[in-house]
Protein chains: 2
Amino acid sequence: MAADAPHLNTPSDALIRQFESVVGAANCLTDPFEQAPHLKEWRDRYTGATKAVLKPKSVDEVSRIMQLANDHRVGVVAQGGNTGLVGGQIPRPEGADVVLSLERLSKCRALDPDNQTLTVEAGCKLATAQAFANEAGLLFPLSMASEGSATIGGNIATNAGGLNVLAYGTARALTLGLEVVLADGTIWNGLGSLKKDNTGYALKELFAGSEGTLGIITAATLKLYPKPAGQATAMVALNTLQDVAHLFRAASMRLGPELTAFEFMCQHAVDFTTEHMPQTPPVFEQSLPWTVLIEVSNLTSDDQALQSLSEVLMVSDTERRLVATAIATSSNQRQAFWKVREGISEAQKFEGGSIKHDVSVAPAAIPDFIAAANQVVEDLCPGARPCPFGHFGDGNVHYNISQPSGADTGEFLDQWQTVQDAVHDVVAKFDGSISAEHGIGVMKRETLARHKDPAALTIMRRIKSSLDPNGILNPGKLL
Amino acid sequence: MAADAPHLNTPSDALIRQFESVVGAANCLTDPFEQAPHLKEWRDRYTGATKAVLKPKSVDEVSRIMQLANDHRVGVVAQGGNTGLVGGQIPRPEGADVVLSLERLSKCRALDPDNQTLTVEAGCKLATAQAFANEAGLLFPLSMASEGSATIGGNIATNAGGLNVLAYGTARALTLGLEVVLADGTIWNGLGSLKKDNTGYALKELFAGSEGTLGIITAATLKLYPKPAGQATAMVALNTLQDVAHLFRAASMRLGPELTAFEFMCQHAVDFTTEHMPQTPPVFEQSLPWTVLIEVSNLTSDDQALQSLSEVLMVSDTERRLVATAIATSSNQRQAFWKVREGISEAQKFEGGSIKHDVSVAPAAIPDFIAAANQVVEDLCPGARPCPFGHFGDGNVHYNISQPSGADTGEFLDQWQTVQDAVHDVVAKFDGSISAEHGIGVMKRETLARHKDPAALTIMRRIKSSLDPNGILNPGKLL
């Protein structure tokens, strides 16, 4: 495999000094204490080592770093806010790679309200980009729990998803243009505010989601949108996943792009959250097998949004599928609803070990997929508590499994690989994806090789070799 | 350049017989009369030659054709409905390429209303795909004048645009999955209904828009949408392009995705159409410098659409920028409005020669771009009549120029290259695109080499070489 390129070198001290001369001593971190925040993933699953963390301030500095690294065949790991969940931003533990942190390359280059675009450098934090848009009376819709730390460069390099994909798409779809430094230091200026451009291959789409293996994203032009003027949010309790699917279909057919969230949670997820997390009182007197958080946004008014939402709930309830509904009557209540959804991962920790999956299937296949996965899990780990939740409308299931109540956490987690392989086999039966939004990184690299269409792997390896013939870009990741 | 690969061979008679054994004698056209419809572009600008037009019936046959062609280093030109405007679907005139017509590979493989997807083979006509969606109560929004002949494979291979891009995006954005046969005959099955999938590079995006130079698209999974329940359409006359830009901004901020069309036309365009075309009576008593066709679609009702449209027009008129407005009160009138817009190209023929451009800039830059281009044209061809129109919201200007009244058509058209180069230079000054939606093909290949960022060209050539090392896929096109 191209990414296994065995001929990479550990940088010599002389080369480190050359890197230092590019970025300045203060921005070439060789001290282990200073390096530490860049070498450990926040969930503590991956820890790397490096001779230097480099913090360039300009695209030109990135280019010179890449030239040096390419000439000397040294691996380079791009890093944004270090919030990735699959280890893609962490250097290999042997210490042969240098880390290229984009955090100082964080300027806003242009805000263009007339064309509804924002051009920022890669190290700009997602929350900062959102704030720039907001100040101009516009919306940059990409949103996720890590937005205060995650960077635009990292978001695009991993094609991040999050909470607003249903109406606005993932990071790739929100990217109008890119500036990228290639493996050999060549700078490609593909920035710009064009809505249509048929002058060749889809390069920005290709670099987006390539996890730092094809080039270093240094800046991006982002699509902005009118800010919603009205919103309405409801929680709905239902007995079966088929009823959830029915409600989703009715909502998407009637609301189209105004349906901005359709999140689903199993009973465990809701119970764990209301029990363990602060500020999440139960929404319904008793929890039911499934709870949906549904949100409508429009450009007119809250009243109009409320009316649309109420109509959908009414129409969907003719067969009494909706056991209970609660419509938020204040922004506090709306936030409380979202806290239930957003608290799930954290709440699960109070229930012991959890084996996690970020998978997708076609939305309508979710009920059958979850039934099949639950059966597989029960066969492997009797008593384990599947805790599926996620972005129903995207077909994206966070299929987490909490350990059996009172069981030994270590013993349960020892089954991680076995369980994950079995769940991914179920995903494959449903023509699903083993990584809906978190990417491949190190974590799913072997799983990818097992599940991805061999022709697709061949195409990806050829592209990788053609753009990074020495294999220096994020070695050991993705491919 | 990879695509100039000098080592391609003209197929021997023995090889033609091998191709014939794959597709059957009836589907290996060697007779010039039978070949003719495949060798001439409908605007008569490009004529090619070939020893055989091959019409495979299955993906397996396509694969075997590609294996043979690759083994013998013979160029292969994929062809759908032969409606392309830049010569990309026509074999080179020397006769060395074979034509691979996808027209018999046209089955509907799956219609999935629950997931709002449609999977069809490449040769399925766009109008047929629209009809499949319609029968399921859904919308496939891609739409253009050639939809009765154009095929889904061709639409995706050229990333076609058309009339509904503003709200729904181009063909690439409407593609959820692809099946592609590579240069060496390998079949990549990338079909599927996943809304999110972060397992590697954006391959479907890459093949979409690659104009048959990276692989042969044999099938696609398409995104469907709820059908609009309500529509409202208006024509608006304005004095300046700045006023058009102002109206567009107000409409897009208030209507968001409900703004499904915002087309603009200069005075010549409207005058030519109302004068020369049938069923296009003048909408306004006297034509003004600019006319806009604006359309609102929603999932509720015509009344609601009318109300939204009226509000936008009212709010935008506080400074009397809208000189005259006409809202369609019947579907006949709506169609009459669209006939004015759609009749422009045809109507221009009555005014003599026309030099055409399909370019894009950021939407807000359209007024300055057109002013600058008009100046350049007047300097080169005094009296020539610029006739810009197009998809304002996409930034896509069909910058056509009619000859001076009464001038010699031949002499005017002799200036085609000079004028086009000058206009493209203006496009470049505005960071625009020399091909917004028609692609590169043969027509703009040299222009591309002159205007595209050199790093982008290098990346494209490397990708091309890595996926088609022998350069057999659509030689002489795009790159």
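For the structure, check the block above.
Below is a short write-up of the structure. What you see as residue numbers is a count from 1 along each chain, following the sequence as written. The lettering of chains begins at A and the numbering of ligands begins at 1, in the order of writing. Given that the model is predicted, a residue must reach a pLDDT of at least 70 before its local features are reported, and side-chain atom pairs must reach 80 or more before they are shown or counted; all residues, however, enter totals for whole chains, interfaces and linings. Neither water nor hydrogens contribute to the side-chain values; these are computed over all heavy atoms in the structure.

1. Digging into the overall build of chain A
Link 1 in the chain: A tally of regular secondary structure across chain A gives 17 helices and 19 strands.
Link 2 in the chain: Just to be clear, the radius of gyration here is over C-alpha atoms, and the globule rule we use is 2.2 Å times residues to the power 0.38. Whereas a compact globule of 479 residues would reach a radius of gyration of roughly 23 Å, chain A reaches 23 Å, a difference of no more than 12%.
Link 3 in the chain: Expressed as lengths along the three principal axes of its C-alpha atoms, the size of chain A is roughly 70 × 55 × 45 Å.
Link 4 in the chain: The proportion of buried residues among the 479 residues of chain A is 59%.
Link 5 in the chain: Here, two residues are considered to be in contact whenever any of their heavy atoms come within 4.5 Å of each other. Across chain A, the fraction of contacts at a sequence separation of at least 24, relative to all contacts at a separation of at least 6, is 74%.
Link 6 in the chain: Approximately 17,300 Å² of chain A is accessible, and the part contributed by carbon and sulfur atoms is 49%.
Link 7 in the chain: With 39 positive and 53 negative side-chain charges, chain A shows a spacing of 5 Å between the two charge centroids. A run of DSSP states H or I qualifies as a helix once it reaches four residues; a run of E qualifies as a strand once it reaches two. Both are numbered from the N-terminal end. A 1.4 Å probe rolled over the protein chains alone gives each residue an accessible area, and that area as a share of the maximum for its type sets the label: buried under 20%, exposed over 50%, partly exposed in between. Note on areas: Shrake-Rupley, 1.4 Å probe, and residue coverage restricted to the protein chains presented here. We treat Lys and Arg as the positive residues and Asp and Glu as the negative residues; His and chain ends play no part in the count. Taken as the charge centre is NZ of Lys, CZ of Arg, CG of Asp or CD of Glu, depending on the residue.

2. A look at the packing of helix α8 (residues 241-255) of chain B against helix α10 (residues 302-316) of chain B
All names here are of chain B.
Link 1 in the chain: For the pair α8 and α10, interaxial distance at closest approach is 10 Å and the crossing angle is 135 degrees. Taken together, the axes of α8 and α10 are oblique relative to one another. Here α8 runs over α10; the crossing is right-handed. On α10, the residues that touch His-246, Leu-247, Ala-250, Ala-251, Arg-254 and Leu-255 of α8 are Ser-308, Glu-311, Val-312, Leu-313, Val-315 and Ser-316. Only C-alpha atoms enter the line fits that serve as axes; for helices the fit covers just the stretch in contact. Angles between N-to-C directions range over 0 to 180 degrees. Working definition: roughly parallel below 35 degrees, roughly antiparallel above 145 degrees, roughly perpendicular at 65 to 115 degrees, and oblique for all remaining angles. Rotating anticlockwise by less than a right angle from the far helix to the near helix defines a left-handed crossing, while the corresponding clockwise rotation defines a right-handed one.

3. Points about the interface of chain A and chain B
Link 1 in the chain: Taken together, the contact pairs 81 residues of chain A with 81 residues of chain B.
Link 2 in the chain: When two components associate, each loses some accessible surface as probed by a 1.4 Å sphere; the sum of these losses over both components is called the buried area. Interface area for chain A against chain B, summed over the two sides, is near 6,200 Å², with a carbon-plus-sulfur share of 60%.
Link 3 in the chain: On the chain A side of the contact with chain B, Lys196(A), Asn198(A) and Tyr201(A) bury the most area, a combined 17% of that side's loss.
Link 4 in the chain: Criterion for a salt bridge: a side-chain nitrogen of Lys or Arg within 4 Å of a carboxyl oxygen of Asp or Glu. Put simply, chain A and chain B have 10 salt bridges between them.
Link 5 in the chain: A salt bridge links Arg249(B) to Asp114(A); the nearest nitrogen and oxygen atoms lie 3.1 Å apart.
Link 6 in the chain: At the level of secondary structure, the elements contributing two or more residues to the side of chain A that touches chain B comprise β9 (187-190), α7 (203-207), α8 (241-255) and α17 (454-467) of chain A.
Link 7 in the chain: Broken down by element, the residue count for the side of chain A that touches chain B peaks at nine residues, all from α17(A).

4. Notes on the relation of the copies chain A and chain B
Link 1 in the chain: By a simple turn and slide, chain A fits onto chain B: the slide is 0.0 Å along the axis, the RMSD is 0.0 Å, and the turn is 180 degrees. With respect to symmetry, the two chain copies, as superposed, fit the operation of a two-fold axis.
Link 2 in the chain: Of all interface residues in chain A, 100% are interface residues in chain B too; the two copies therefore contact each other through one and the same surface. The fit set for superposing copies consists of C-alpha atoms from residues with pLDDT of at least 70 in both; the fit itself is least squares.

5. Some details on the environment of Asn155(B)
All names here are of chain B.
Link 1 in the chain: Relative to the helices and strands, Asn-155 resides in helix α5 (residues 152-157).
Link 2 in the chain: Given a relative accessible area of 3%, Asn-155 falls into the buried group.
Link 3 in the chain: Measuring from C-alpha to C-alpha, the distance between Asn-155 and Asp-302 comes to 31 Å, with 147 residues separating the pair along the chain.
Link 4 in the chain: In contact with Asn-155, other than residues within four places in its own chain, are Leu-126, Leu-142, Met-144, Ala-150, Ala-160 and Ala-171.

6. Considerations on the pattern of salt bridges
A side chain of one charge can pair with a side chain of the opposite charge when the charged atoms of the two come close.
Residues and elements named next belong to chain A.
Link 1 in the chain: If you walk through the whole model with that rule in mind, you get 45 salt bridges over all chains.
Link 2 in the chain: Between Arg-109 and Glu-121 there is a salt bridge, and its shortest N-O distance comes to 3.1 Å. Separated by 12 residues along the polypeptide, Arg-109 in strand β5 (residues 108-112) and Glu-121 in strand β6 (residues 117-121) bring together distant segments of the chain.
Link 3 in the chain: The class for Arg-109 is partly exposed, based on a relative accessible area of 33%.
Link 4 in the chain: Residue classification places Glu-121 among the buried residues on the basis of a relative accessible area of 3%.
Link 5 in the chain: For Lys-204, the salt bridge is made with Glu-205, and the minimal N-O distance between the two is 3.0 Å.
Link 6 in the chain: Here the residues in one salt-bridge network are Lys-107, Arg-109, Glu-121 and Glu-179, joined through shared partners.

7. Comments concerning the state of the cysteines
Residue and element names in this part refer to chain A.
Link 1 in the chain: We call a pair of cysteine sulfur atoms a disulfide when they lie within 2.5 Å. Using the criterion set out here, one finds zero disulfides over all chains in the structure.
Link 2 in the chain: The cysteine Cys-387 is free of any disulfide, with Cys-266 supplying the nearest cysteine sulfur at 4.0 Å.
Link 3 in the chain: Using a relative accessible area of 0% as the deciding quantity, one classes Cys-387 as buried.

8. As for the sheet that holds β5(A)
Residues and elements named next belong to chain A.
Link 1 in the chain: DSSP calls a pair of strands paired once it identifies at least 2 bridges connecting them. Read across the sheet, five strands follow the order β5-β6-β10-β8-β9 without closing on themselves; strand pairing throughout is antiparallel. Because the sheet does not close on itself, it has two edges, and the strands there are β5 and β9. The mean angle between the axes of side-by-side strands here comes to 10 degrees, regardless of whether they run parallel or antiparallel.
Link 2 in the chain: When β6 meets strand β10 (residues 216-223), the two strands line up antiparallel, connected through five bridges. Note on β10: the bridge partner recorded for Glu-121 is Ala-219.
Link 3 in the chain: Here helix α4 (residues 126-135) sits on the sheet and contacts β5, β6 and β10; the angle it forms with β6, its principal contact strand, is near 145 degrees.

9. Details of the side chain of Lys444(A)
Residues and elements named next belong to chain A.
Link 1 in the chain: Relative to the assigned elements, Lys-444 resides in the loop between α15 (416-429) and α16 (445-451).
Link 2 in the chain: Put simply, Lys-444 is tucked away with no salt bridge, and the nearest opposite charge, on Asp-358, sits 4.5 Å away.
Link 3 in the chain: For Lys-444, the residues in contact, after removing those within four places along its chain, are Asp-358, Ile-434, Ser-435 and Gly-439.

10. Some points on unusual backbone geometry
Link 1 in the chain: In this structure, Asp431(A) takes a positive phi of about 55 degrees despite not being glycine.
Link 2 in the chain: With respect to the helices and strands, Asp431(A) occurs in the loop between α15 and α16.
Link 3 in the chain: Positioned with a positive phi, Gln116(B) is a non-glycine residue whose angle comes to about 55 degrees.
Link 4 in the chain: Mapped onto the elements, Gln116(B) comes out in the loop between β5 (108-112) and β6 (117-121).

11. As for the nonpolar core
Link 1 in the chain: Ranked by internal contacts, the top residues of the largest apolar core, which has 88 residues, are Phe140(A), Ile152(A), Phe207(A), Phe140(B), Ile152(B) and Phe207(B).
Link 2 in the chain: Residues in contact with Phe207(A), not counting those within four places in the same chain, are Ala157(A), Leu178(A), Val180(A), Leu182(A), Trp188(A), Leu214(A), Gly215(A), Ile217(A), Leu467(A) and Ile459(B). Within this scheme, the nonpolar core is defined by two criteria: the residues are buried Ala, Val, Leu, Ile, Met, Phe, Trp, Tyr or Cys, and they are joined through side-chain atoms within 4.5 Å.

12. Observations regarding helix α4 (residues 126-135) of chain B
All names here are of chain B.
Link 1 in the chain: Within α4 the residues assigned to the buried category are Leu-126, Ala-129, Gln-130 and Ala-133. Burial along α4 is one-sided: seen end-on, the buried residues are contained in an arc of 100 degrees.
Link 2 in the chain: Structurally, α4 contributes buried residues whose contacts are with β6, β7 (138-139), α5 and β10 (216-223).
Link 3 in the chain: Backbone geometry just downstream of α4 places Gly-137 in the positive-phi region, at approximately 75 degrees. The directions considered for the arc are those from the helix axis to the C-beta atoms.

13. Some words on the sheet that holds strand β1 (residues 28-29) of chain B
In a beta sheet, neighbouring strands pair by backbone hydrogen bonds and run either parallel or antiparallel.
Residues and elements named next belong to chain B.
Link 1 in the chain: Reading across from one edge, β1-β2-β4-β3 is the order of the four strands in this open sheet, with mixed pairing throughout. The open sheet is flanked by β1 and β3 (76-79), the only strands paired with a single partner.
Link 2 in the chain: Where strand β2 (residues 53-54) meets strand β4 (residues 98-101), two bridges bridge the pair, whose relative direction is parallel. Looking across to β4, one finds that Leu-54 is bridged to Leu-100.
Link 3 in the chain: Contacting β2, β3 and β4, helix α3 (residues 59-72) runs over the sheet at an angle of about 165 degrees to β4.

14. A word on the packing of aromatic side chains
Link 1 in the chain: A pair of aromatic rings is counted whenever rings of Phe, Tyr or Trp (Trp by its six-membered ring) have centres within 6.5 Å, and the orientation is called stacked for planes under 30 degrees apart, edge-to-face for over 60 and tilted otherwise. Counted under the stated rule, the structure contains 18 aromatic pairs over all chains.
Link 2 in the chain: Aromatic ring contacts, followed pair by pair, group Phe248(A), Phe262(A), Phe264(A), Trp290(A) and Phe392(A) into a single cluster.
Link 3 in the chain: Lysine NZ or arginine CZ positioned within 6 Å of the ring centre and within 35 degrees of the ring normal marks a charge as sitting over the ring. When the ring centre of Trp416(B) is taken as reference, the NZ or CZ atom of Arg45(B) above it lies at 4.5 Å.

15. Points about the packing of α8(B) against helix α13 (residues 366-380) of chain B
All names here are of chain B.
Link 1 in the chain: Their axes nearest at 8 Å, the elements α8 and α13 cross at an angle of 155 degrees. Comparing their axes, α13 and α8 come out roughly antiparallel. Both α8 and α13 take part in a crossing whose hand is right-handed. Facing Leu-241, Gln-242 and Ala-245 of α8, the residues of α13 in contact are Ile-366, Pro-367, Asp-368 and Ile-370.
Link 2 in the chain: In this count, Pro and Cys sit with the nonpolar residues alongside Ala, Val, Leu, Ile, Met, Phe, Trp and Tyr, while Asp, Glu, Lys and Arg are called charged and the others, Gly among them, polar. Residue classes in the contact of α8 with α13 are distributed as five nonpolar, one polar and one charged.

16. Concerning the environment of Asp44(A)
Residues and elements named next belong to chain A.
Link 1 in the chain: Residue position: Asp-44 is located in the loop between α2 (32-39) and β2 (53-54).
Link 2 in the chain: Residue classification places Asp-44 among the exposed positions, given a relative accessible area of 53%.
Link 3 in the chain: Expressed as a C-alpha distance, the spacing of Asp-44 and Ala-145, which sit 101 residues apart in the sequence, is 18 Å.

In short, the description is geometric, and any link to function would need to be established separately.
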